[in-house]
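What the coordinates show
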Amino acid sequence: MATVLLVRHGRTTANATGLLAGRAEGVSLDQIGRDQAALTGDRLAAIDLAAVVSSPLERCQQTAEHILNRQAGTPAAPLEHGLIEADYGTWQGRLLTELATEELWPLVQSQPSAVVFPEGEAMAAMQARSVAAIRRHDAVIEAEHGPEAVWVAVSHGDIIKSILADALGMHLDLFQRINVGPASVSIVRYGASRPSVHATNTDAGDLSWLSKGIHAGDAPVGGGAGHQTP
């Protein structure tokens, strides 16, 4: 299959103040977030991306724009509602310090598969629809561009963590062990027999080795020789 680069949006004013933005409109990247997104765009500039798929929320579209602006070509740039932020219901717009005192908070930390946000979404449903969206786009992109195609999905922290947990074969209840920082890049390839996770939460480093895609094959016993920079 193709290779997907999971990119979290850059830092926002809500992130900086500890506010759970959720799906609220008008939440934009702050200056640090714009700088983070620009750096990610620079890191991906050497890769001929087949597509840059984005959550419809403004902060993800802004991050996607930084990536698209550094591309020599013109990748497809669709919006995907399946990658939108979790519906946090009545938790949306509240400070994380306040939410940490709620009875539901410990369950979010230890057993997210059982969590349904008040008047919002179940975390299990969040994972199911986001993984389905990624796999659907991945199959379409491979069919159109071949198995060495590389594409980007720009989304949100909890969304990307849940996608990575699925790719790693982890139960959703363990997904809080995964960290996904602003504008970070994680790399997943969905093979015929299983997903392969090549990197998580990277915010620096050369990614030009992805310009030729990741070749399919069995996992090398002993770890193999690693990738080579073109």
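The notes below deal with the structure included here. This one's a predicted model, so the numbers in the text were calculated from it and none came from an experiment.

So, the packing of helix α2 (residues 31-44) against helix α3 (residues 58-69)
Remark: α2 packs on α3, axes separated minimally by 8 Å, with the N-to-C direction vectors making an angle of 35°. In the crossing of α2 with α3, the sense of the turn from one axis to the other is right-handed. Of α3, the residues touching α2 (which contributes Arg-34, Ala-37, Ala-38, Thr-40, Gly-41 and Leu-44) are Thr-63, His-66 and Ile-67. Along the lines of polarity and charge, the residues of the contact of α2 with α3 split into four nonpolar, four polar and one charged.

Comments concerning the environment of Glu-85
For Glu-85, the location among the structural elements is in the loop between α3 and α4 (96-99). Glu-85 sits 41 residues away from Met-126 along the chain, and the two C-alpha atoms are 8.4 Å apart.

Section: the pairing of strand β4 (residues 185-190)
Most of β4 sits inside the fold, with six of its six residues counted as buried. Of the two faces of β4, the one holding Val-185, Ile-187 and Arg-189 and the one holding Ser-186, Val-188 and Tyr-190 are both buried throughout. Relative to β4, strand β1 (residues 3-8) runs antiparallel, the two being bridged by five bridges. Bridge pairing links Leu-5 to Ile-187 in β4.

Digging into the packing of helix α6 (residues 123-145) against helix α7 (residues 157-167)
At a minimum axis separation of 9 Å, α6 and α7 run at an interaxial angle of 75°. It follows that α6 is roughly perpendicular to α7 by the angle criterion. Contacts between α6 and α7 pair Met-126, Gln-127, Arg-129, Ser-130, Val-131, Ile-134 and Arg-135 from the former with Asp-158, Ile-159, Ser-162, Ile-163, Ala-165 and Asp-166 from the latter. Taken together, the residues of the contact of α6 with α7 break down into six nonpolar, three polar and four charged.

Cut-offs and rules
- Residues numbered from 1 in each chain as written.
- Predicted model: local features only at pLDDT ≥ 70, side-chain atom pairs only at ≥ 80, totals over all residues.
- Heavy atoms only, no water.
- Axes fitted to C-alpha atoms, helices over the stretch in contact; angles between N-to-C directions.
- Helix = DSSP H or I, 4+ residues; strand = E, 2+ residues; numbered from the N terminus.
- Left-handed = near helix turned anticlockwise from the far one by under 90°.
- Contact = heavy atoms within 4.5 Å.
- Nonpolar A, V, L, I, M, F, W, Y, C, P; charged D, E, K, R; others polar.
- Buried < 20%, exposed > 50% of the residue type's maximum accessible area, 1.4 Å probe, protein only.
- Pairing = 2+ DSSP bridges.
- Parallel < 35°, antiparallel > 145°, perpendicular 65-115°, else oblique.

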